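In case you want the letters, here they are:
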Amino acid sequence: MDKKLKFFGEVLGLSPLPLRLKQAAITFWGEENVPPSKIGTSSLKQLYPGISPGMWRGRSVAERQVIISNLYNHTQTPIEKGWSVAKTQTLDFRGGKLTYNSHNGTDFAIPVGTKVCTAAPGKVVAVLSQFNRGGLKIFIDHGQGLMTCYAHLARALVSVGDILTRGQEIAISGYSGVDGFFTFPWGIPHVHFNAWHNSFHTDPFSFGENAALWSSGNHPSPAIKDENSDFIPSEYDSDLTQKVIDSCLTPRVRQFLSDISCPQERAVHTIIEMNYYPTRFQHKENLYTQRFDRAPLLDLPFSENDFDGIIFLDQLLENRKRKRRIKK
């Protein structure tokens with residue numbers, strides 16, 4: 001773990017405290033056009049006291065393996081009823097239950113203080129910190145209708161407008177955000193990774209007729225630095241962007257988006273708001289100038305110097321049980 005990280009201010013993302021408390025309140029009480037989140041007793045299944053404390057201290061529990069602790073849920077509960085962290089209706093791409101009701105990304109469980117890399121060449125289009133929605137987050141445009149988001153970070157190492165090559169370091173991991181604060185030290189520190197394709201969140205793993213977005217299929221490997229990698233920046237439809245903004249039910253958000261003068265920046269932030277707060281929008285559209293097919297563009301957002309590959313959390317736990325039985 002980077003000893004210079006401030007635990008409360010960066011790892012947990014509590015600075016500035018008054019703003020973070022105000023944002024945390026949205027989780028429990030909601031706000032205009034945003035229902036409160038749903039938490040049930042099944043949410044306790046996401047606490048792992050045998051694994052988490054060491055990772056909070058920056059220690060690995062799966063040598064050179066990135067632990068996938070939650071996958072994209074293909075049977076999500078209606079978002080109109082609130083973001084749900086309960087585990088009552090779940091289906092991951094393997095046909096298993098390594099996810100929860102409203103989970104729309106992939107959780108990469110890694111020790112606090114791990115360097116996070118860009119999963120593909122791209123441009124940093126936003127860096128935001130929202131305590132109720134994933135803490136500190138970096139958004140990267142990769143072209144071809146693909147944007148990625150890296151959440152629960154402790155510190156950003158890049159800024160908006162930076163052009164990135166594959167495998168370039170972009171952040172230091174933590175567990176910033178309301179869920180990290182309230183589950184410490186039993187919740188597993190992780191980077192919540194979103195792949196947004198054609199303006200909406202999607203599973204980067206292959207499922208049904210959808211091809212994998214990972215460059216190595218359903219077995220993603222760590223990013224290899226490539227200084228020569230490049231990409232073609234995305235182009236957005238200004239008219240469709242304005243149509244979506246006009247459908248926003250929340251006046252202050254509608255005004256915020258309308259006031260952004262740069263068309264590309266306005267489209268990016270509309271996509272972000274539309275995905276993080278979908279209940280605020282009566283109309284949602286693909287805001288790119290065209291619709292793109294899925295393409296294998298992504299690597300794991302971590303360096304080959306630190307990791308060799310992945311292991312799913314349920315597999316890791318089963319392996320541990322098997323070893324205990326053998327010892328007996």
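All values reported here derive from a predicted model rather than from experimental measurement.

Quick notes on the rules
Residues numbered from 1 in each chain as written. Predicted model: local features only at pLDDT ≥ 70, side-chain atom pairs only at ≥ 80, totals over all residues. Heavy atoms only, no water. Helix = DSSP H or I, 4+ residues; strand = E, 2+ residues; numbered from the N terminus. Rg over C-alpha atoms; globule rule 2.2 N^0.38 Å. Buried < 20%, exposed > 50% of the residue type's maximum accessible area, 1.4 Å probe, protein only. Contact = heavy atoms within 4.5 Å. Lys, Arg positive; Asp, Glu negative; His and termini not counted. Charge placed at Lys NZ, Arg CZ, Asp CG, Glu CD. Core = buried A, V, L, I, M, F, W, Y, C linked by side-chain atoms within 4.5 Å. Salt bridge = Lys/Arg side-chain N within 4 Å of Asp/Glu carboxyl O. Arc of directions from axis to C-beta. Polar contact = N/O pair within 3.5 Å; in protein donor to acceptor, adjacent residues only side chain to side chain. Axes fitted to C-alpha atoms, helices over the stretch in contact; angles between N-to-C directions. Parallel < 35°, antiparallel > 145°, perpendicular 65-115°, else oblique. Nonpolar A, V, L, I, M, F, W, Y, C, P; charged D, E, K, R; others polar. Pairing = 2+ DSSP bridges.

**Student:** Please explain the overall build of the protein as it appears in this structure.
**Tutor:** When helices and strands are tallied, the protein shows eight helices and 13 strands. Since a compact globule built from 328 residues should have a radius of gyration of about 20 Å, the 19 Å found for the protein is in line with a globular shape. Relative to its full complement of 328 residues, the protein shows a buried share of 55%. Contacts in the protein between residues at least 24 apart in sequence constitute 73% of all its contacts with a sequence separation of at least 6. Of the side-chain charges in the protein, 37 are positive and 32 negative, and the distance between the mean point of each set is 12 Å.

**Student:** Which parts of the structure should I look at to understand the nonpolar core?
**Tutor:** In summary, soluble globular proteins display a tendency toward joint burial of nonpolar side chains. Among the nonpolar cores identified, the biggest contains 45 residues, and Tyr150, Ile170, Leu298 and Phe302 are the most heavily contacted of them. Contacts of Leu298, omitting those with residues within four sequence positions, involve Ala119, Ala120, His142, Leu146, Thr148, Arg166, Phe193, Ala195, Leu213, Trp214 and Ser215. Within the second largest apolar cluster, 25 residues are counted, among which are Cys149, Trp196, Cys248 and Ile272.

**Student:** Where do I start with the pattern of salt bridges in this structure?
**Tutor:** Oppositely charged side chains are able to pair whenever their charged atoms sit close together. In the structure shown here, the tally under the stated rule is eleven salt bridges. The closest approach of N and O atoms between Glu10 and Arg155, which form a salt bridge, is 2.9 Å. Taken together, the residues span a long stretch of sequence, with Glu10 in helix H1 (residues 7-11) and Arg155 in strand S6 (residues 146-156) at a distance of 145 residues. Note on Glu10: relative accessible area 16%, which makes it buried. Assessed through its relative accessible area of 23%, Arg155 is described here as partly exposed.

**Student:** How should I be thinking about helix H5 (residues 238-246) in this particular structure?
**Tutor:** One turn of an α-helix holds 3.6 residues; hence residues three or four places apart share an orientation. Taken together, the buried positions of H5 are occupied by Thr241, Val244 and Ile245. Relative to the axis of H5, the buried residues are bounded by an arc of 100 degrees and lie together on one face. Of the residues in H5, the exposed ones pointing more than 90 degrees away from the buried face are Asp239 and Asp246. Residues of H5 that are buried make contact with helix H6 (251-258) and helix H7 (263-276). Structurally, the start of H5 carries an N-cap: the backbone nitrogen of Asp239 is 3.0 Å from a side-chain oxygen of Asp237.

**Student:** I would appreciate a short explanation of the packing of H6 against H7 in the present structure.
**Tutor:** The packing of two helices is summarised by the inter-axis angle and the distance between the axes. Axis separation between H6 and H7 bottoms out at 9 Å; the angle between their running directions is 155 degrees. By the angle between their directions, the pair H6 and H7 is classed as roughly antiparallel. Facing Val253, Phe256, Leu257 and Ser258 of H6, the residues of H7 in contact are Arg266, His269, Thr270 and Glu273. Grouping the amino acids of the contact of H6 with H7 by side-chain chemistry returns three nonpolar, three polar and two charged.

**Student:** Honestly, the pairing of strand S2 (residues 106-109) in this entry has me stumped. Any pointers?
**Tutor:** Where a strand is regular, its side chains alternate between the two sheet faces. Because side chains alternate across S2, one face comprises the buried residues Thr106 and Phe108, and the other comprises Asp107 and Ala109, equally buried. Pairing between strand S1 (residues 65-70) and S2: three bridges, direction antiparallel. Opposite Ile67, over in S2, you have Ala109 as the bridge partner. Taken together, the four bridges between S2 and strand S9 (residues 190-197) define a ladder with antiparallel strand orientation. Each bridged residue has a counterpart across the sheet, and for Thr106 the counterpart in S9 is Phe193.

**Student:** Before we go on, may I ask you to explain the side chain of Arg20 in this structure?
**Tutor:** Summarising the element assignment, Arg20 is placed in helix H2 (residues 17-29). Although Arg20 is buried, it makes no salt bridge; Glu10 carries the closest opposite charge, 11 Å away. The contact partners of Arg20, leaving out residues within four places of it in the chain, are Gly13, Leu14, Ser15, Ser129 and Phe131.

**Student:** When you look at the side chain of Ser247 in this model, what are you seeing that I'm missing?
**Tutor:** Structurally, Ser247 is set in the loop between H5 and H6. Polar contacts involving the side chain of Ser247 include one to the main-chain carbonyl oxygen of Val244, which spans 2.7 Å. Among all residues touching Ser247, those that are not within four sequence positions of it are Arg280, Phe281, Gln282 and His283.

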